[in-house]
Structure formats: structure tokens, C-alpha cells
Amino acid sequence: MRVSTFALGALMVSAVPAFAQDDLVTRGEYLARAGDCTACHTATGGAYMAGGYPFEMPMGTIISSNITPSDQYGIGKWTEAEFADALRKGVRPDGSRLYPAMPYPSYANITDEDIAALYAYFMQIDPVDAAPKVETALDFPFNIPGAMAAWDLLFAGGDPYTADPELTDQQNRGAYLVKGLAHCSTCHTPRNQLMATDNTRFLAGTAVEGWYAPNLTSDDISGLGQWSDAEIASYLQNGHAMGKAQAGGPMADAVQNSLQYLTDQDIAAITAYLRTVPAIRDQGQDTPAWSVTKATPADWTQIEPGMVASDQPGYIAADMTDGAQLYNVACAACHGMTGQGSEDGTFPPLTGNSAVGSANHNNLVMAIVQGIHRTGADGTAVMPAFGEGQSMIHGALDNSQIAAVSNYVTASFGKGDAGLTGDDVSDIMAADSAPWLIEHAKVLFWAGVALAGIVVIALIAWALRRKRTV
Ligand code: HEC
Ligand code: HEC
Ligand code: HEC
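Predicted model, so just to flag it, every value in this text is computed and none were measured.

Regarding the overall build of the protein chain
Step number 1: Counting secondary structure elements, the protein chain contains 19 helices and 9 strands.
Step number 2: As presented, the protein chain carries roughly 24,400 Å² of accessible surface, and 58% of it is formed by carbon and sulfur atoms.

Spelled out as C-alpha cells, the structure:
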């Protein structure tokens, strides 16, 4: 008896480190999901975490790195401290700087314990011994080595998150996730002239890749003030909240890769923290985007005959320009003639829908252009894409048709005719809203050089004149 207890004891001692390591890896995997590393580090169709995902930025194209433990092409030789510096400060072991397409300004909040878990997880995933197929190509002057050092000095490299004594433990946990790993702010906070998040308007909403990441502040009208806890939880885990909104585009990816895996406690913590984010009201908004319930179905006596669903179901004539007709053939089968959606909510109502009632029409237009393909905790949602070149199963809509159907949808189920034109739709899709400073950086750089040159010449001239007069 005594011997066997001893043997058991010995076994446990030797097994403890292995168990602890497994726990660390499991926790690291959870954190990697919370941080959504795969969204950026796994290219479409590419190997897990092997990089190669292109980011079209106003300063050029940035390619995500291979972060598998490959010695030559990945981070296989990195120490934990080097890994921590890349994540939190944006600095590689050789001292070169990452571009903030990698959200290190947010990840600066990650605690040492969580860094250790992430490191343990990444060191044991399958190494991929290949460089990403494409290389980063930045425009001048952003490709000057060290160009990012000044930016980092201004905007990055804070200390890991420390609990705010004003907040409860639950709110602090939420703040840690929202500001850090889950980097909600990267998409939902507007950016300043230098492309850094403008934290005076924290989570107040901004455009991202043609979509619009709405206001998440506690404001009753513009933000989440009137969403229930259950609605926020459903949106984050499933990607939709009945009577409020559905997640498409980049938010659908965040739900699919990341948020659906978070525990109920972490989702509740995020919600509890969002309640504390200072309210910011969008100018001129007097009712919430989701609050419109009027539905004005088309008056079919006013519409030219032909091209109604009963004549040619699913058929979209290239020259069809009437919004009501387009809605009838392209949308009504799922969303209903009066925009009421399907009874079980699989096809959501367009009345009382934040994408339709918002003063910003990006999400309505982008949902029509790209469709929705998303798997959340409660299943998969699919809406076909109607944009040209995106649609595989049926006729595409050209930009003026997308404008016409959007105008019909906002007029009938939203706050009134959006008045969009085909050109507005192209602008939304092009999504090139670089801050003025970034767009003009090249000119400004040379203007700066020229100015510096003029100053130097003036100084020399002044010195020479002085010398002569002395
Ligand atoms: C929003 C996109 C995005 C997310 C999310 C993201 N990364 Fe990155 N990451 C990038 C890009 C882009 C680069 C390359 C930046 C450059 O070349 O300057 C990068 C670079 C890195 C590097 C430096 C590797 C090297 O040698 O270049 C590491 C390490 C890294 N990421 C780890 C992570 C981890 C771990 C996570 C999740 C916790 C993560 N990243 C999440 C976009 C992202
Ligand atoms: C990669 C960019 C991105 C990230 C990261 C992101 N979001 Fe979003 N979010 C969006 C976009 C875009 C939308 C609009 C989606 C749509 O309407 O189809 C959105 C919509 C939402 C909505 C619905 C709001 C409304 O009024 O309709 C909520 C709530 C939300 N996000 C919460 C969060 C939270 C909390 C986080 C962090 C845990 C987060 N998001 C991270 C881009 C992002
Ligand atoms: C085959 C069915 C189907 C068709 C056809 C369809 N939709 Fe959808 N639509 C969906 C589904 C499914 C969702 C997402 C539901 C969810 O997230 O739970 C959706 C979501 C939406 C949203 C919310 C998007 C967001 O990101 O917030 C809008 C707006 C919308 N549809 C408008 C339209 C319009 C306009 C048309 C016609 C041009 C159309 N839909 C055609 C099924 C469809």
C-alpha cells in the first residue's frame, strides 16, 4: 500500500509539468481565437497561420507574416520575450518594425501570462516551411526603414492592461478583451490624420473595407444603449440579434473565427464593459437605426407590367431599373414583399434592421454586393452576393441597379429614400478613404525636404553675408 502510494506520487510529480503545459496550450488556443490571429495570418486557401494575406492600405500593400514555428520562414527561433515584443510593441527580433496592419497598439494590453500561453500554443502548431507567396510593397515614404518608429512613439507601446479601480472585475475583464485581444477598436473607432485610432471618439463607429462598423458606445440612440444583454450576446456569438442587426463583411469574419468561441462569461464581460463606454451621439440622429418599423409595400399599379416575380421568377433583366421590381425579383423571396422576413428569422426582417434604418448606407449596399456567408454558434447564414463578378448562381446587379434597390428598401422599410446613385455604390465599394495626410504623404515629404533645403540655403546665405559684413 505504502509503496503503491509512493509510486503514484512519483507518477504525479512527473506528470504535473506535462499537464500544465497542455493547459497552457489549450489556454493559448483560446486566446489566439479571442485575438483572431487566423483572420489575418491564414490566407484564403492557405496553410494555417502561414501568412500571405494582403492588406490594401492607403500606404501600399502589406502582407501578413508566417507565424508558424518554422525556423527559417516563421517564428521558430523566437524567444518568448521576442514574441512579446512583436505582439505588444510591433518590433521584430532584428529591431525592424511592423506596420500597424498588425494590431499591436491593441495587443499592447496583453498580460505576461497570456503572452506565455499564446507563445506555448504557437510553438506547437504545424510549422510551414515557406514564405508567403507575395511580398509587402509599400509606397514611398512609408517604406523608409524606421519610418514607423516615430509613429510607434506617438501611438503604440503602452503597458499591459491593469485593472481600472472604477470598474467591477467583470467590467475589467471585458475592457481587457475589448481593448486588447479582441481589438474591437481597430474597426469601430475612427482614425486620425495619421491613421491611429482617435481615442477621444472610442468605439464611435467608422468605415472599414466598404462596410461601416457602427457606434458601440452606451448611447441610447446611436450606440448599444437600448440593446439588451441577450441581444448583444446573440449578436456576438451567433452573428445576429432579432429586431436589431445581422453581421456581414468583416464582422461576420470576427464572429466566425473568433467571437463564437468565447465563453458565455467572456461575452457577458464584454457586454458589461461596453455599457460603461462613454456615450457618443452621431450628429443629427434622433432615433436608433433599428427602430423603424414602418413597411410600405410597393404600389404595383404604379409599376410597369412585366418583370414581376410571378412572370419570371428570379430573372433580372439587365435594363430593369425600377427599385420595386428589382426588390420583387431579387429580394422578396427571402425578405418578404413587405420586408417582414421569414417567421423563424432565418431570413431577417428589413424593417427594424440597423443596416436599413442607418443614416449610413454602406452596410445595406455591401450586403447586396458581397452577400453574407457566416457560421456562428447557432448555425450558418447565407445571403447570395449580387455584385458584378461576385455572383455565381444568378444574374448580377450593376451599380445603378444596386442603388435603385437600396433606395427602394430604405424608402419602404427604412427612414426614407437614400437617394443613392450608381456612382455612390462604386465609391462605397472602392472604400478608398485615406486620411488627407496619408494620401498626400509623398508630396508632403518632398515639400518637407524642399523646405528644409530652402532653410539650409537661407542659413548659408545669411552666414556668408555676415562673414562679408564682419
Ligand atoms: C488585423 C490583422 C492581424 C491580426 C488580427 C493579427 N496579425 Fe499579426 N501581423 C499582421 C500583419 C499584416 C503582419 C506583418 C506586418 C509587417 O510586415 O509589417 C503581422 C505580423 C505579425 C508578427 C511578426 C512576424 C514577422 O516576422 O513578421 C507576429 C509574431 C504576429 N503578427 C503575431 C500575431 C498573433 C499571435 C496574432 C493574434 C493574437 C496576430 N498576429 C493577429 C496582421 C495581423
Ligand atoms: C474586423 C473589423 C471588426 C472587428 C474586429 C469588430 N467589428 Fe463589430 N462590426 C464590424 C462591422 C463592419 C459591422 C457592421 C456589420 C453589418 O452590419 O453587417 C459591425 C457590427 C457590430 C455590431 C452591430 C452594431 C449595430 O448597431 O448594428 C456590434 C454589436 C459589434 N459589431 C460589436 C463588436 C465587438 C464587441 C467587437 C470586439 C469584440 C467587434 N465588434 C469587433 C467590424 C468589426
Ligand atoms: C436567399 C435568401 C436571400 C435573398 C435572395 C436576399 N437576402 Fe438579404 N439576407 C439573407 C440572410 C440569410 C441574411 C442574414 C441573416 C442572418 O445574419 O441571420 C440577410 C441579410 C440582409 C441584410 C442585413 C445585412 C447586414 O449586414 O446588416 C440586408 C440589408 C439584406 N439582407 C437585404 C437584402 C436585399 C436588398 C436583397 C435583394 C437585393 C436581399 N437581401 C436578398 C437572405 C437573403
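Examining the pairing of strand E8 (residues 372–376)
Every regular strand shows the same layout, with side chains that alternate between the two sheet faces.
Step number 1: Because side chains alternate across E8, one face comprises the buried residues Ile372, Arg374 and Gly376, and the other comprises His373 and Thr375, none of which is buried.
Step number 2: Two elements, E8 and strand E9 (residues 379–383), share 5 bridges in a ladder whose sense is antiparallel. If you follow isoleucine 372 over to E9, its bridge partner there is methionine 383.
Step number 3: Connecting the antiparallel pair E8 and E9 is a turn made up of 2 residues.

Concerning the site of ligand 3
Step number 1: Near ligand 3 lie 25 residues; those nearest to it are Cys331, Cys334, His335, Arg374 and Met383.
Step number 2: In this structure, histidine 335 approaches ligand 3 through a side-chain N or O atom, which is 2.8 Å from a nitrogen atom.
Step number 3: Arginine 374 is positioned with one of its side-chain polar atoms (N or O) 2.9 Å from an oxygen atom of ligand 3.
Step number 4: At the level of elements, helix H13 (332–335), helix H14 (354–357), helix H15 (362–370), E8 and E9 are the ones that each hand at least two residues to the shell around ligand 3.
Step number 5: For the shell around ligand 3, the per-class residue count stands at 19 nonpolar, 5 polar and 1 charged.

A look at the coordination of the iron atom of ligand 2
Step number 1: Taken together, the protein ligands of the iron atom of ligand 2 are His188 (NE2) and Met251 (SD), with distances of 2.1 to 2.2 Å.
Step number 2: Judged by relative accessible area, which is 8%, histidine 188 ranks as buried.

Some thoughts on the coordination of the iron atom of ligand 3
Step number 1: The protein atoms that coordinate the iron atom of ligand 3 are His335 (NE2) and Met383 (SD), at distances spanning 2.0 to 2.2 Å.
Step number 2: Between the 6 donor atoms coordinating the iron atom of ligand 3, the angles at the centre fall across 87 to 179°, so the site counts as octahedral. Taken together, the residues span a long stretch of sequence, with histidine 335 in helix H13 and methionine 383 in strand E9 at a distance of 48 residues. For the pair formed by histidine 335 and methionine 383, the shared burial category is buried.

So, the nonpolar core
Step number 1: Within the largest apolar cluster, 67 residues are counted, with the highest numbers of intra-cluster contacts made by Leu118 and Phe122.
Step number 2: Elements with a contribution of two residues or more to this core: helix H1 (2–34), helix H3 (80–89), helix H4 (104–107), helix H5 (112–122), helix H6 (147–155), helix H7 (169–179), helix H9 (229–238) and helix H11 (264–274).
Step number 3: Looking at this core element by element, the count peaks at 7 residues for H5.
Step number 4: Residues in contact with phenylalanine 122, not counting those within four places in the same chain, are Ala32, Cys37, Met49, Ile67, Pro69, Ile75 and Phe83.

The rules behind these values
Residues numbered from 1 in each chain as written. Chains lettered and ligands numbered in written order. Predicted model: local features only at pLDDT ≥ 70, side-chain atom pairs only at ≥ 80, totals over all residues. Heavy atoms only, no water. Helix = DSSP H or I, 4+ residues; strand = E, 2+ residues; numbered from the N terminus. Areas by Shrake-Rupley, 256 points an atom, 1.4 Å probe, with all protein chains shown as cover. Buried < 20%, exposed > 50% of the residue type's maximum accessible area, 1.4 Å probe, protein only. Pairing = 2+ DSSP bridges. Near = heavy atom within 4 Å. Polar contact = N/O pair within 3.5 Å; in protein donor to acceptor, adjacent residues only side chain to side chain. Nonpolar A, V, L, I, M, F, W, Y, C, P; charged D, E, K, R; others polar. Donors = N, O, S within 2.8 Å, 3.2 Å for Na, K, Ca; no water. Tetrahedral: all angles 85-135°; square planar, octahedral: opposite > 155°, others 65-115°. Core = buried A, V, L, I, M, F, W, Y, C linked by side-chain atoms within 4.5 Å. Contact = heavy atoms within 4.5 Å.

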